[in-house]
Every structure is written in C-alpha cells, then in structure tokens.
Amino acid sequence: MSLLNQKTIKSAVKFSGIGLHNGKITNVFVKPADPNSGIVFKRIDLNNNNIIYPNFSNVSNTSLNTTISNENGVKVSTIEHLMGALFGLGIDNALIEIDNDEVPILDGSAKQFIEKIVESGLKVSEAPIKIIKINKKVEFLDGERRASIEQSKLSLDIEFELKYKNKLIGNQKNKINVYNDELKDIIDSRTFCLYEDIEAIRKIGLAKGGSLDNAIVVKGENIINKDGLRNSKEFVNHKILDCIGDLFTSGYRIIGNIKCSQGGHFLTNQLLRKVFSDNTNFSIIEIQEKNLPHTLINRSLLRSIA
C-alpha cells in the first residue's frame, strides 16, 4: 500500500469543549470511515436530516467562522480548524459526530485536534487518493481584498498577506508549501481579535465562548494574553490555517498556487465557487504511486507532533 492511498483515523477520538460563538459545551467524535466516503458531519443530537457534507456549496455563513448547512437548514459552524487538521494529516475519510451546532474552539488553533488524532493513529486503505489539479488562473476580487489560484506542478503553495491598521499586527506575510514544509507554526496558531471589536461582535450574538484561553486579544500595541505569541507570525499563520481548512471543502486535496491578500473565509469560499463554476478550471485525477512523490503527504507534520 502506498502513502498516496486514502487514509482514515485508526480509532475514534473524542473532543469536548466550548463553542467560540454559541458558548455551549459540545462533544465531537471523529470516527473511522470507509474509502471514498469523504468527510461527513452528523448531528447526533438530532434524529432526522442530520447529515451535513462540508462542501463549499454547502457553506452558509463565512462571518468570523465557516458554517455548513444541509438542505433542511441543519448546520455545523466553526469547522475550519478541524478541517485544517484533517487536511494537514492527509485524512481523506472520517465520520464526525457532533452533539451541538458548533465545533469546540479548544485552544483556538488546530493543535489539540492534531495531537489526539496522531495518538489514535492513521489507517491506510488500498484505494488511491484523488487530487484536484488547477488548470488555469482563477481570481476573486472584493474591493482591495483579493484571492487567486493558478497552476502548480506538484505542490499546494499558499501566500497570505494581512494588512491591519493596528500597529502590533500591521502587515504580515507568509508563504508555505503545504505538502513539504514544516507546518507546526501553522497548526499551533490561534484565532485573534482586537480588544475594541469584542463588544460589537458580542452584540451580534457571536463570541459568547471567547476567552483568553482560546483567542489572542490585541489591545493597542499589546497582547493581553500573558504568554504572548506562540510564533512571530501567529496572526498570518492562523489565517493560513483557516485557508487550509476552508480549501478542504473542495472535497479533495489540491495542487495549485494560492495568493491571498486581506482574505478570510468569505474570499476562500468565493474563490472555490468560481473555480468549480467552470469545468475547464480544474481536473480531478486519481493518484497512483508513479504519479507523484510521497512528499504530497506531509510527513514532516507527523514528525513535529511526535
């Protein structure tokens, strides 16, 4: 069996914690799934119409999180960090059972998701993986914000730029090769907000579960969290983590070169919608051992967690 065959989790893993936005305690069970079943969410607190597929076309909200909904309006929100963890580990198939409508925020990054899944181990099937290969450049613009994706030979490169008026955050930029680079700083990077925005966010019913335990809070030129930052580019690195998670709503891993300036969940989702609106923009290819090197699977991520 090849490292390029489809993978699932070896045994079920449980996560429990508060939802960033709904403020409710939620339990999540990530369970093994058969080849070619993909990632599936199941609301186990509901008896009917409780299956939701994390597909870009099912994304119903991109305001401060990524929310997916099915045709009956049943939703799961804040899926991006868990999806980023699954993408980073090369997990193609998993059943995610959840007993509320929001994935727990845990520490605000994907670190705890990664650690527990790695502890469980991964099971490799005999079915080869499938990859989305970008054939030509696609761009989405929203005022000064922009996101584009174009051809790449073997990699998924993400170049992300932040531009904040806040002097501490300022302009941050980073570029990574998802399949080859060390991803520890990306996985460990937490969600963040400006102190002056907290009241407005809570007035619209969000961030009920937000705290210094699950978010970086920036006040003026200071970080309120006593332990400071985990890495020097934690702000932009968290945006890259979000981007990776949102890209997995394409259904497969991607070969392409992404550039994003001042983006977020909305831009990534709109870019995917534009890519898949035209079949000439992409190809879906089944990968055999002879097609691509093992570096498509990020083995450095597994080493960094071990």
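In this report, the structure presented in the accompanying data block is examined. Model, not experiment: these values are computed from the prediction. (Residues numbered from 1 in each chain as written. Predicted model: local features only at pLDDT ≥ 70, side-chain atom pairs only at ≥ 80, totals over all residues. Heavy atoms only, no water.)

What follows covers the overall build of the protein chain. Within the protein chain, the regular secondary structure consists of seven helices and 20 strands. Relative to a compact globule of 306 residues, whose C-alpha radius of gyration would be 19 Å, the protein chain shows 18 Å and is just as compact. By principal-axis analysis of the C-alpha atoms, the protein chain measures approximately 55 × 45 × 40 Å. Nonlocal contacts in the protein chain, meaning residues at least 24 apart in sequence, comprise 74% of its contacts between residues at least 6 apart. Carbon and sulfur atoms form 46% of the exposed surface of the protein chain, whose accessible area is close to 13,600 Å². (Helix = DSSP H or I, 4+ residues; strand = E, 2+ residues; numbered from the N terminus. Rg over C-alpha atoms; globule rule 2.2 N^0.38 Å. Contact = heavy atoms within 4.5 Å. Areas by Shrake-Rupley, 256 points an atom, 1.4 Å probe, with all protein chains shown as cover.)

This brings us to the sheet that holds strand β16 (residues 192-194). Pairing in this open sheet of three strands is mixed, and the strands run β16-β17-β18 from one edge to the other. Of all strands in the sheet, those with a lone pairing partner are β16 and β18 (222-223), marking the two edges. As paired elements, β16 and strand β17 (residues 216-219) share three bridges and run parallel to each other. By the bridge assignment for β17, Cys193 is matched with Val217. Of the strands in this sheet, β16, β17 and β18 are in contact with helix α5 (residues 234-247), which crosses β17 at around 135°. (Pairing = 2+ DSSP bridges. Axes fitted to C-alpha atoms, helices over the stretch in contact; angles between N-to-C directions.)

Our next topic: the pairing of strand β19 (residues 253-261). Among the nine residues that make up β19, eight are buried, leaving the element largely enclosed by the rest of the structure. Pairing between strand β11 (residues 130-134) and β19: three bridges, direction parallel. Paired with Ile131 across the strands is Arg253, a residue of β19. Of the strand pairs in this sheet, strand β13 (residues 145-150) and β19 are connected by five bridges, and their pairing is antiparallel. (Buried < 20%, exposed > 50% of the residue type's maximum accessible area, 1.4 Å probe, protein only.)

Judged by nonpolar contacts, the single largest core of 68 residues is most densely connected at Phe41, Leu82, Leu156, Ile158 and Val178. When sequence neighbours within four positions are dropped, the list of residues in contact with Leu156 reads Phe87, Ile176, Asn177, Val178, Tyr179, Leu247, Ile254, Gly256 and Ile258. The next biggest cluster of nonpolar side chains, apart from the first, holds five residues, and it includes Leu4, Ile131, Ile255 and Ile287. (Core = buried A, V, L, I, M, F, W, Y, C linked by side-chain atoms within 4.5 Å.)

Okay, the pairing of strand β9 (residues 94-98) next. Counting buried residues along β9, four of its five residues qualify, which places the element largely inside the surrounding structure. Bridging between strand β4 (residues 39-43) and β9 involves five bridges; their strand directions are parallel. Across the sheet, the residue bridging to Ile39 is Ala94, located in β9.

Okay, the environment of Phe192 next. Structurally, the position occupied by Phe192 is in strand β16. A residue is classified by how much of its surface remains accessible, and Phe192, at 12% relative accessible area, is buried. Taking C-alpha positions, Phe192 is 20 Å from Lys24, a pair spaced 168 residues apart along the chain. Look past the residues within four positions of Phe192 in its chain and what remains in contact with it is Leu162, Tyr164, Ile169, Ile216, Phe235 and Lys239.

Two elements in contact, α5 and helix α6 (residues 265-275), have axes separated by 10 Å at closest approach and are oriented at 35°. Crossing angle aside, the handedness with which α5 passes α6 is right-handed. Contacts from Asp242, Cys243, Asp246 and Leu247 of α5 reach α6 at His265, Thr268 and Leu272. Considering only residue class, the contact of α5 with α6 consists of three nonpolar, two polar and two charged. (Left-handed = near helix turned anticlockwise from the far one by under 90°. Nonpolar A, V, L, I, M, F, W, Y, C, P; charged D, E, K, R; others polar.)

To continue, consider helix α2 (residues 111-120). Residues of α2 that are buried include every one of Phe113, Ile114, Ile117 and Ser120, and no others. Buried positions in α2, seen along its axis, are confined to an arc of 125° and lie on one side of it. Of the residues one or two after α2, Gly121 is the one with positive phi, at around 95°. (Arc of directions from axis to C-beta.)

Our focus in this paragraph is a nonpolar patch on the surface. On the surface, a cluster of nonpolar side chains totalling about 260 Å² of accessible area is made up of Tyr195, Leu212 and Ile224. Position of Ile224 among the secondary structure elements: in the loop between β18 and α5. (Patch = residues over 30% accessible without salt bridge, like charges linked within 9 Å, V, L, I, M, F, W, Y side chains within 5 Å. Salt bridge = Lys/Arg side-chain N within 4 Å of Asp/Glu carboxyl O.)

What is shown is where atoms sit, not what they do.
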